[in-house]
Amino acid sequence: MKEEQWLYTISAKRSLINLNFKEIWRYRDLLFLFVKRDIVTVYKQTILGPLWYLIQPLFTSVVFTLVFNNMGNISTGATPPFLFNLAGITAWNYFTACLSGTSNTFRQNAGIFGKVYFPRVIMPLSVTISNLLKFGIQLFIFIVFVFYYSFFKGFNFSLNAYTLLFPVYIIVMALMGLGLGMIISSATTKYRDLKVLVGFATSLLMYVSAVPYPVSEARKKFPSWVADLVELNPMTQIIEGFRFMLLDTGTFTWFGFGYTVVLSVILFLLGLIVFNRTEKNFIDTV
Amino acid sequence: MKNVILKVENISKQYRLGTVGTGSLSHDFNRFWHRIRGKEDPYLKIGAVNDRSKAATGAYAWALKDINFEVAKGEVLGIIGKNGAGKSTLLKILSRVTSPTTGEIKTKGRIASLLEVGTGFHPELTGRENIYLNGAILGMTKSEIASKIDEIIEFSGCQMYIDTPTKRYSSGMTVRLAFAVAAHLEPDILIVDEVLAVGDAEFQKKAIGKMQDISSGEGRTVIFVSHNMASVKSLCTRGIVLENGYVKYIGTQNDAVEYYLSQQNTLNKINVSERTDRVGNQKLTVNKVLFFNSNEVEISDVISGEFLKIRVYIKKNLDVDFAKLFVAINFVDNEANFGLSYINDEMGYTFENLENKDFFELIIPNIYLRSAVYGIRILISEKDTREENFIDVIDNAALINILEGDIWNTGKLNRPGNSAILPGKFL
C-alpha cells in the first residue's frame, strides 16, 4: 500500500518546540501589514502625529534631571545629565514597549485568534518591529541633542569602537522584551494573577536597571547586595552598554555583554516554547 | 478511486464546565502530576455527554466524541445539527483555532476558514487597506491580493468609499467588503460557517451565487455549517449530522437533511386523543396526526416547497356513513388565519375505504407555505359545514414547522411569514 502524503496534521500531541519557519515565512506579508497597521493607526486624527513619540522621553528626561541629578545629586561624570537620562530612557522605552506590547498578545487578540489561524508568533513579532520605528524616532532626537550639546555646550562627544555593537544591543533588547512578553502572555491566559503584577513591576524594574543613575553610583551609594542585584540585572548591562557606546560614559565588560546576549537568547527561546505550547489551546481558557 | 483530501480520525474535544478558579488549578496540578509520572490525564476518562438541556453532573463535558470522517477532493460537505451539537467546535479544530483533546486530522491541502467575515478589520484603516489586512489574515499573500483587488472592490460594490476609513461605513457596507475579500480566497479546502445570510437581498443573491461557483464551478473542497436546510440541500454534495457531540449520520446531503429533520420530532408532544377541547358529536375522534416525508420517515419540519404527507388516525366510537363524510384540513398560523385548506368534497374525494382502516392520509406534493409554525385544524362532519353536523373539530391537532425554502429556484430563499406562495409567473 502506498504511503499517503499529508501536508500537515492537526493533533493533540505537543512537541517541545515546533516552530514552522516555512509557515512564518509564508505569512511574512501579514507581519508587514500588522506593522503598518500599528504604525498608521496610532496617530490617526492627531495633528502632531509621530511627534508625540518625542514628547514623552523629552519630558521624562527633564523630570529625571531635576529629581535625580539636581535634587538627588547623582553624578553623571562628564556627561550632561539630560543627555545621560535621555539615552537611558530611549533604550528603556524600547524594552518596555516590546514587553508590554507582547505581554497581552493572547488576551488582546483573542477575537482574531478565535476565528482564524495564522502563526500566532506573528503578533508579538509585529509589535517588536513596529516599536522599532518609535525607537528610531526617539534615537534621532537623542542624536539631535547630542549635537546640540557638543556644539553649544562644549560637551566633548566621541564615539568608540564599541559603537559597532549597537545593532547587537537593539537585537538583545528586542529578544529580551519579546521573550519575557511571550512568557507573561502565555502565563496569563488561564490565571490572570500575573497581569496585575506586570504593570507596576516594569516601572519598578526601571530603578534596578540603572536607568536614572550610572552603575558606579549604585556601587557607591546602594548597600552592596542591591548593587550586586543591579549589576546582575541584564537590563542594567544593556542600558549601561548603550550609554557607553553613544556617550562614552560608564563601564563595559565583555563578560557582562556576553552574559546578557546569552541570557536574552535563552529567554527568547524559552518564550517561544511556552508561547507555542499555549497557542494551541489558549482559546478554551482565555 | 476516491481522492481523500482530509481525514478526521477519532477527534474528541473535552471542555471544562464552570469558571476558571482554584478548582481548575487543583485539577491542573493533578494533571501535571500524572504527566510527569508518565501517566494518562486522569480527567480524560470522565466527562458528560454534551447535552446542554441536562443538568451538569461533573466538571467536564465532551463537546465532540470520536468523530471520524473523510472528505474527498471537490466535495462540498454540509455539517448540520442543533445548537450545541458540536458543529462550531469541529470547525474550530479544523481551522486550527483550537486543538483536539484526542485524535488527529490529516490534510493534503491548505485550509482557510471563514468562521466570521471581516476578522481583523481595523476601523481606522481605509477600505483598501483593510482588504489587504483581512486578506493576509485569511492567508493570502500581498501579491495575490494585489492581483484581485479590482475584482474584490467591484464585487463589494463600495467603489466610492474604498479610500475612506471603514469606521465611516454602514454596517452593511462593512459586511459587503468583508465578504468580498472572503469570496476571493482560493484555498484547497474552505471552511464556511453560516455567513451567507448577510447584507441586503441583492448582495445575498450575489453571495450565494458566489458560493455556488466556488463549490461547483471551481471544484473546490468546501466544508459548510448551516442551520438552513434548504441551502445545505442546494450547495452540498454530502452531509454529516452531529448530535450531542457524536456523528449520527453520514450520507448524501438529502439523506442527511432528512435524517436530521426526522430527529427533530419535538413539536408534536401534545397527545391529541386525550384532548377535550373538541366540538362535535364524537362519533369519530381524531386520535393522532403524523407527518411524513417522501421516504415515509416521520418528521415535524419540512422545507417550504417540498413533499408532505399528513396521516390522521381516527377512533370509531359510533357508526357513521363514511361515503358522506366531510373532512377539511387547514394550516392555521399563530394569528388564526388559514394558510391553506384541503377539503375533500371540493377535491372530489370520498372516504368509503375508511370503513376498514383506522387512518386517512393527505398527500401534498409541494407544501407552498412561507416558513413559520402552522397548526393543523381538522374538521370532520357528517355531510357539510353546518355546526349541528360536526363529528369532530380540533384545533392544533398537530404543529408543523415549515422551514425556509427556495420555491422559485432562484438561489434565494423565500421570505418567512404566514402565507401561501402559489405557482405563478411575472411577464
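Residues numbered from 1 in each chain as written. Chains lettered and ligands numbered in written order. Predicted model: local features only at pLDDT ≥ 70, side-chain atom pairs only at ≥ 80, totals over all residues. Heavy atoms only, no water.

**Details of a nonpolar patch on the surface**
Residues and elements named next belong to chain A. A contiguous nonpolar patch, built from Ile47, Leu48, Leu51, Trp52, Ile55 and Phe59 and spanning about 650 Å² of accessible area, is present on the exposed surface. Within the secondary structure, Ile55 sits in helix α3 (residues 52–71). Using a relative accessible area of 31% as the deciding quantity, one classes Ile55 as partly exposed. (Patch = residues over 30% accessible without salt bridge, like charges linked within 9 Å, V, L, I, M, F, W, Y side chains within 5 Å. Areas by Shrake-Rupley, 256 points an atom, 1.4 Å probe, with all protein chains shown as cover. Salt bridge = Lys/Arg side-chain N within 4 Å of Asp/Glu carboxyl O. Helix = DSSP H or I, 4+ residues; strand = E, 2+ residues; numbered from the N terminus. Buried < 20%, exposed > 50% of the residue type's maximum accessible area, 1.4 Å probe, protein only.)

**Observations regarding helix α11 (residues 224–232) of chain A**
Residue and element names in this part refer to chain A. Taken residue by residue, α11 has Val226, Ala227 and Val230 as its buried positions. Looking straight down α11, one finds that the buried residues subtend no more than 100 degrees of arc, so they occupy a single side. Exposed side chains of α11 directed beyond 90 degrees from the buried face belong to Ser224, Trp225 and Leu232. Next to the buried residues of α11 lie α10 (215–221) and α12 (234–247). (Arc of directions from axis to C-beta. Contact = heavy atoms within 4.5 Å.)

**Let's talk about the sheet that holds strand β12 (residues 298–299) of chain B**
Residue and element names in this part refer to chain B. One open sheet accounts for four strands, arranged β12-β11-β14-β17; its pairing is antiparallel. The sheet is open, and its two borders are formed by β12 and β17 (359–364), each paired with just one other strand. Judged from the two bridges that link them, strand β11 (residues 284–292) and β12 form a sheet pairing that is antiparallel. The residue bridging Phe292 from the neighbouring strand is Glu298, located in β12. (Pairing = 2+ DSSP bridges.)

**Comments concerning the pattern of salt bridges**
Tallied over the full model, the rule gives 24 salt bridges over all chains. For Lys221 of chain A, the salt bridge is made with Glu217 of chain A, and the minimal N-O distance between the two is 2.8 Å. Of this pair, Lys221 of chain A and Glu217 of chain A both sit in helix α10, four residues apart, roughly one helical turn. For Lys233 of chain B, the salt bridge is made with Glu306 of chain B, and the minimal N-O distance between the two is 2.9 Å. One end of the pair, Lys233 of chain B, is in helix α7 (residues 229–235); the other, Glu306 of chain B, is in the loop between β13 (301–303) and β14 (308–316), with 73 residues separating them in the sequence. Put simply, Glu296, Lys309, Arg311 and Glu361 of chain B are held in one network by salt bridges that share partners.

**Regarding the pairing of β14 of chain B**
Residues and elements named next belong to chain B. In terms of burial, β14 is a largely internal element, seven of the nine residues being buried. Bridge count for β11 against β14 is eight bridges, and the pairing is antiparallel. Bridging from a neighbouring strand, Phe292 pairs with Lys309 of β14. Of the pairings in the sheet, the one linking β14 to β17 comprises six bridges and is antiparallel in character. Across the sheet, Lys309 pairs through a bridge with Ile363, a residue of β17.

**Topic: the confidence of the model for chain B**
As a note on interpretation, predicted positions should not be read in detail where pLDDT is low. Here chain B averages 84 in pLDDT, and 91% of its residues register 70 or above. For this predicted complex, the interface score ipTM comes out at 0.82, while the overall pTM is 0.74. (pLDDT = per-residue confidence, 0-100.)

**Considering the side chain of Lys309 of chain B**
All names here are of chain B. Tracing the backbone through its elements, the reader meets Lys309 in strand β14. Judged by relative accessible area, which is 5%, Lys309 ranks as buried. A polar side-chain atom of Lys309 sits 2.6 Å from a polar atom in the side chain of Glu296. If we ignore the near neighbours within four places in the chain, the residues touching Lys309 are Leu290, Phe291, Phe292, Glu296, Glu361, Leu362 and Ile363. (Polar contact = N/O pair within 3.5 Å; in protein donor to acceptor, adjacent residues only side chain to side chain.)

**Looking at the nonpolar core**
Among the nonpolar cores identified, the biggest contains 111 residues, and Phe118 of chain A together with Leu308, Ile310, Phe331 and Ile378 of chain B are the most heavily contacted of them. The dominant element in this core, judged by the number of residues it contributes, is helix α5 (residues 171–183) of chain B, at eight residues. The residues contacting Leu308 of chain B, other than those within four sequence positions of it, are Phe291, Phe292, Ile299, Val302, Phe331, Leu362, Ile363, Ile364, Ile367 and Ile400 of chain B. Ranked by size, the runner-up nonpolar core spans 49 residues in total, among them Leu86, Leu165, Val230 and Ile238 of chain A. (Core = buried A, V, L, I, M, F, W, Y, C linked by side-chain atoms within 4.5 Å.)

**Brief notes about the packing of helix α8 (residues 166–187) of chain A against α12 of chain A**
Residues and elements named next belong to chain A. Here α8 crosses α12 at 155 degrees, and the two axes come no closer than 11 Å. Considering their axes alone, α8 and α12 lie roughly antiparallel with respect to each other. Relative to α12, the crossing made by α8 is left-handed. Residue-level contacts link Phe166, Tyr169, Val172, Met173 and Met176 of α8 to Pro234, Met235, Gln237, Ile238, Gly241, Phe242, Met245 and Leu246 of α12. Here the contact of α8 with α12 is composed, by residue class, of eleven nonpolar, two polar and no charged. (Axes fitted to C-alpha atoms, helices over the stretch in contact; angles between N-to-C directions. Parallel < 35°, antiparallel > 145°, perpendicular 65-115°, else oblique. Left-handed = near helix turned anticlockwise from the far one by under 90°. Nonpolar A, V, L, I, M, F, W, Y, C, P; charged D, E, K, R; others polar.)

**Some thoughts on the packing of aromatic side chains**
All names here are of chain A. Counted according to the given criterion, the structure contains 33 aromatic pairs over all chains. Seen in terms of ring centroids, Tyr162 and Phe252 are 4.5 Å apart; in terms of plane orientation they differ by 35 degrees. Their pairing is tilted. In this pair, Tyr162 sits in the loop between α7 (122–152) and α8 while Phe252 sits in the loop between α12 and α13 (254–279), placing the two residues 90 residues apart along the sequence. Residues Tyr213 and Phe222 carry aromatic rings whose centres are separated by 5.5 Å and whose planes lie at 85 degrees to one another, so their mutual orientation is edge-to-face. (Phe/Tyr/Trp six-rings, centres within 6.5 Å; stacked < 30°, edge-to-face > 60°.)

**Some words on the sheet that holds strand β16 (residues 338–343) of chain B**
Residues and elements named next belong to chain B. Across the sheet, five strands lie side by side as β13-β19-β18-β15-β16; this open sheet has mixed pairing. What marks the edges here is a single partner per strand, and that holds for β13 and β16. Going across the sheet, the axis of each strand differs from the next one's by a mean of 30 degrees, ignoring polarity. Of the pairings in the sheet, the one linking strand β15 (residues 326–332) to β16 comprises five bridges and is antiparallel in character. Directly across from Asn330, in β16, lies its bridge partner Ser341.

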